[in-house]
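Spelled out, the chains give:
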Amino acid sequence: MAGGTERSMKALKEVWRRAENSLCADCGKPDPDWASSTLGVFICLSCSGIHRNIPSISKVKSLKMDHWDDAQVQFLAKHGNAVTKATYEAHIPIYYYQPTYNDCQVLREQWIRAKYERKEFTEPGKQLPYSDGVKEGILWKRGRDNGQFLPRKFLLSEREGCLKYFTKQDAKEPKINVKIDVINATFQPVKIGNPNGLQITYLKDNKTRNIFVYHDSGKEVVDWFNAIRSVQFHYLKVAFPIASDNEIKNRLTRNFLKEGYMEKTGPKQREAFKKRWFTLDHRRLMYFKDPLDAFAKGEVFVGSRENGYSVQKGLPLGTQGNFSWHYGLTIVTPDREYLFTCETETDQLDWIAAFASVINQAMTPQEYASKCLDAVSFLS
Ligand SMILES: [Zn+2]
């Protein structure tokens with residue numbers, strides 16, 4: 001190995017070891033071992049793959065396997081994650097969703113493109129496609145019963161505080177008109193079977209309704225997602241004037257805590273256990289026959305420990321029903337016990353952890369007022 005190479009290797013390691021470069025600049029994953037020689041950021045393998053798709057902006061190299069010359073190392077030393085973020089993340093709107101390494105590809109890719117390719121956050125007060133308080137356009141929506149995706153006109157309006165869609169292009173009356181504060185939106189590419197698949201969930205007559213949409217353009221679907229968050233943010237800001245921006249940010253769209261199949265029995269606990277698809281959306285546990293069903297077959301409210309809720313490993317002694325899965329769990333509520341079985345122990349422990357995370361959280365006064373009084377509990 002030539003002396004010059006050794007010297008630059010040593011210098012590279014020093015920059016790489018700096019605390020500011022210990023997490024991926026784009027998704028926060030620990031121990032990045034790739035870097036962009038043109039942007040000067042340290043990134044993980046997965047984000048480096050996205051950077052590779054925008055070669056005019058970013059050239060990526062492995063920190064372990066590729067050769068770095070002196071000039072490139074000096075560039076990294078001068079930039080690095082802190083300096084680069086100060087430029088490209090200087091003016092991110094508070095409602096804008098910043099993905100982590102657990103998020104799906106479309107969210108991570110559009111975040112990287114928004115930052116470096118479109119430079120959406122480099123200057124203050126920039127007009128962004130999701131900051132207007134109104135958005136209109138076509139999304140492909142899954143038919144409620146036939147499962148066929150058809151183009152539908154959607155309209156999001158901050159002034160009216162709602163999201164609507166229309167069945168026919170020229171229809172005057174919307175098919176749905178949902179208040180923005182009862183909407184949740186979460187990317188579900190695997191479940192929907194499309195890399196840009198977005199699930200929009202809302203409450204109607206205190207029941208959950210799911211709609212599934214996508215757009216061929218990843219940018220467009222992520223713009224919709226952030227437009228919903230923007231409208232929600234401004235709506236909640238008016239509704240809860242004393243709440244801090246961060247408190248409000250935490251109430252925007254949220255990922256489901258856990259989803260998957262479990263078996264359940266009925267209230268007598270002697271009925272045969274049936275396999276169902278479960279979704280835990282914060283304090284709402286819902287079940288469906290099929291993951292893409294429009295309506296939940298049942299739901300139960302999961303309160304906090306102080307209100308008499310708990311989760312236990314296993315089924316009560318002497319449980320009789322027929323079950324084919326053997327990893328049981330029991331949710332105790334003030335009214336009754338709910339019995340479930342999981343296929344694997346990992347699943348069982350994951351579900352218990354997910355339930356415990358909401359049960360161990362004290363309920364906010366708003367949750368108590370809005371959810372507990374009309375607590376959903378029709379999980380038969
Ligand atoms: Zn990353």
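Basis of the calculations
- Residues numbered from 1 in each chain as written.
- Predicted model: local features only at pLDDT ≥ 70, side-chain atom pairs only at ≥ 80, totals over all residues.
- Heavy atoms only, no water.
- Donors = N, O, S within 2.8 Å, 3.2 Å for Na, K, Ca; no water.
- Tetrahedral: all angles 85-135°; square planar, octahedral: opposite > 155°, others 65-115°.
- Helix = DSSP H or I, 4+ residues; strand = E, 2+ residues; numbered from the N terminus.
- Buried < 20%, exposed > 50% of the residue type's maximum accessible area, 1.4 Å probe, protein only.
- Pairing = 2+ DSSP bridges.
- Axes fitted to C-alpha atoms, helices over the stretch in contact; angles between N-to-C directions.

## Considering the coordination of the zinc ion
1) Next: For the zinc ion, the full set of protein donor atoms is Cys24 (SG), Cys27 (SG), Cys44 (SG) and Cys47 (SG), and the range of their distances to it is 2.2 to 2.3 Å.
2) Next: Taken together, the four donor atoms coordinating the zinc ion span angles of 105 to 116° at the metal, a pattern that classifies the geometry as tetrahedral.
3) Next: Look at where the donors of the zinc ion fall in the sequence and you get C-x2-C-x16-C-x2-C. Taken together, the residues span a long stretch of sequence, with Cys27 in the loop between α1 (3-17) and β1 (34-36) and Cys47 in helix α2 (residues 45-51) at a distance of 20 residues. A single burial state applies to Cys27 and to Cys47, both of which are buried.

## Some points on unusual backbone geometry
1) Next: Non-glycine residue Asp31 carries a positive phi angle of around 55°.
2) Next: With respect to the helices and strands, the residue Asp31 is situated in the loop between α1 and β1.
3) Next: Phi is positive for His282, close to 50°, though the residue is something other than glycine.
4) Next: Relative to the elements of secondary structure, His282 occurs in the loop between β12 (274-281) and β13 (284-288).

## So, the pairing of strand β8 (residues 183-187)
1) Next: Across the five residues of β8, five count as buried, placing the element largely inside the fold.
2) Next: The alternating pattern of β8 places Ile183, Ala185 and Phe187 on one face and Asn184 and Thr186 on the opposite face, and all of these are buried.
3) Next: In terms of strand pairing, β8 meets strand β9 (residues 198-204) through five bridges, oriented antiparallel. The residue bridging Asn184 from the neighbouring strand is Thr201, located in β9.

## A few points about the sheet that holds strand β15 (residues 310-313)
1) Next: The strand order across the open sheet built from seven strands is β14-β13-β12-β11-β17-β16-β15, with neighbouring strands paired in antiparallel fashion. Only two strands of the sheet have a single neighbouring strand rather than two, namely β14 (298-301) and β15. Looking at each pair of strands side by side, their axes are set apart by 35° on average, direction ignored.
2) Next: Judged from the four bridges that link them, β13 and β14 form a sheet pairing that is antiparallel. Bridge pairing in β14 places Tyr287 opposite Gly298.

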